[in-house]
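# Structure at a glance
Spelled out, the chains give:
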Amino acid sequence: MELERSIDISRRQSKEHMCRITDLQDEVRHREHHISDLDKEVQHLHENISALTKELEFKGKEILRIRSESNQQMRLHEQDLNKKLEKELDVMTADHLREKNIMRADFNKTNELLKEINAALQVSLEEMEEKYLMRESKPEDIQMIAELKAMLTERDQVIKKLIEDNKFYQLELINRETNFNKVFNSNPTVGVINPLTKQKKKNDKSPTNRFVSVPNLSALESGGVGNGHPNRLDPIPNSPVHDIEFNSSKPLPQPVPPKEPKTFLRYQ
């Protein structure tokens with residue numbers, strides 16, 4: 001039974017192998033047919049390539065021939081154009097020189113004519129200037145000059161009068177100052193009232209100056225004048241000024257000038 005089973009298996013495998021072999025043979029025949037077709041196609045392509053190569057070589061030779069012919073024609077055409085341009089340039093140069101000579105001659109003529117016109121205008125200008133300088137004066141100008149002279153004389157008189165008035169005012173001020181000094185005191189002394197000086201008796205008729213110099217504050221402070229000393233005057237009650245401590249290093253305020261200037265009357 002094992003032998004029969006193995007024989008059956010071997011037969012079955014042989015059948016499968018035979019089927020596979022037939023399939024492979026068919027595939028090989030198909031591949032051979034395809035290879036033959038490809039060989040034919042390759043041969044046909046080689047033939048086409050050889051034909052195209054020949055045609056390309058022919059076209060290349062033809063292109064070279066056409067290029068050489070075109071280059072030769074271009075050179076000939078360029079030579080012809082250069083000859084034409086040289087001829088035209090020669091003609092234009094000759095025309096330019098001729099026109100230049102004509103324009104130069106015309107310019108010289110016009111320059112000479114302008115010089116003559118300029119000389120004539122210069123002569124006429126000199127004549128007109130001479131006539132203008134030698135012209136007669138207008139009555140309006142004469143009248144205006146007379147009016148200006150009258151105005152100048154009037155202004156001179158006004159200036160002289162103002163100078164005299166100024167001198168009169170200066171003399172009047174000097175006279176008033178001298179009279180004031182004579183009446184009151186010839187040598188006035190300037191100063192401030194010192195309230196710390198001792199009051200003299202009413203019966204003492206010795207001459208005393210009303211104004212004395214300012215005392216030395218530092219000496220007064222060292223001598224006992226200050227806060228809490230007996231020599232200091234009693235402050236005014238309810239006064240904001242005496243509540244502030246006195247500073248000797250701070251300067252006194254400058255006097256304020258009057259807003260309206262002094263006017264002096266003129267005596268007739």
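Residues numbered from 1 in each chain as written. Predicted model: local features only at pLDDT ≥ 70, side-chain atom pairs only at ≥ 80, totals over all residues. Heavy atoms only, no water.

### A look at the overall build of the protein chain
Assigned secondary structure in the protein chain consists of 3 helices and 0 strands. Split by element, the accessible area of the protein chain, about 27100 Å² in all, is 58% carbon and sulfur. (Helix = DSSP H or I, 4+ residues; strand = E, 2+ residues; numbered from the N terminus. Areas by Shrake-Rupley, 256 points an atom, 1.4 Å probe, with all protein chains shown as cover.)

### Examining a negative patch on the surface
A contiguous patch of negative charge on the surface is contributed by Glu126, Glu127, Glu129 and Glu130. Within the fold, Glu130 resides in helix H1 (residues 2-133). (Patch = residues over 30% accessible without salt bridge, like charges linked within 9 Å, V, L, I, M, F, W, Y side chains within 5 Å. Salt bridge = Lys/Arg side-chain N within 4 Å of Asp/Glu carboxyl O. Lys, Arg positive; Asp, Glu negative; His and termini not counted. Charge placed at Lys NZ, Arg CZ, Asp CG, Glu CD.)

### Focus: the confidence of the model for the protein chain
Keep in mind that low pLDDT regions are not for reading the predicted coordinates in detail. For the protein chain, mean pLDDT is 77; residues scoring 70 or higher make up 69% of the total. Mean pLDDT across the secondary structure elements of the protein chain bottoms out at helix H3 (residues 217-222), with 44, and peaks at H1, with 91. Long-range and interchain partners of residues 200-233, a stretch whose pLDDT sits below 50, account for 23 contacts in this model, where long-range means more than four residues apart. For the stretch residues 239-268, pLDDT sits under 50, and the model shows 12 contacts to residues farther than four places along the chain or on other chains. (pLDDT = per-residue confidence, 0-100. Contact = heavy atoms within 4.5 Å.)

### Side note on a nonpolar patch on the surface
A surface patch of nonpolar side chains, amounting to about 390 Å² of accessible area, comprises Leu113, Leu114, Ile117 and Leu121. Tracing the sequence through the fold places Leu113 in helix H1.

### A look at the pattern of salt bridges
Between side chains of opposite charge, a pair can form when the charged atoms approach closely. Evaluated as defined, the whole model comprises 5 salt bridges. Among the salt bridges present, the one from Glu69 reaches Arg65, with a minimum N-O distance of 3.1 Å. Note that Glu69 and Arg65 are positioned in helix H1 at a spacing of 4 residues, about one turn of the helix.

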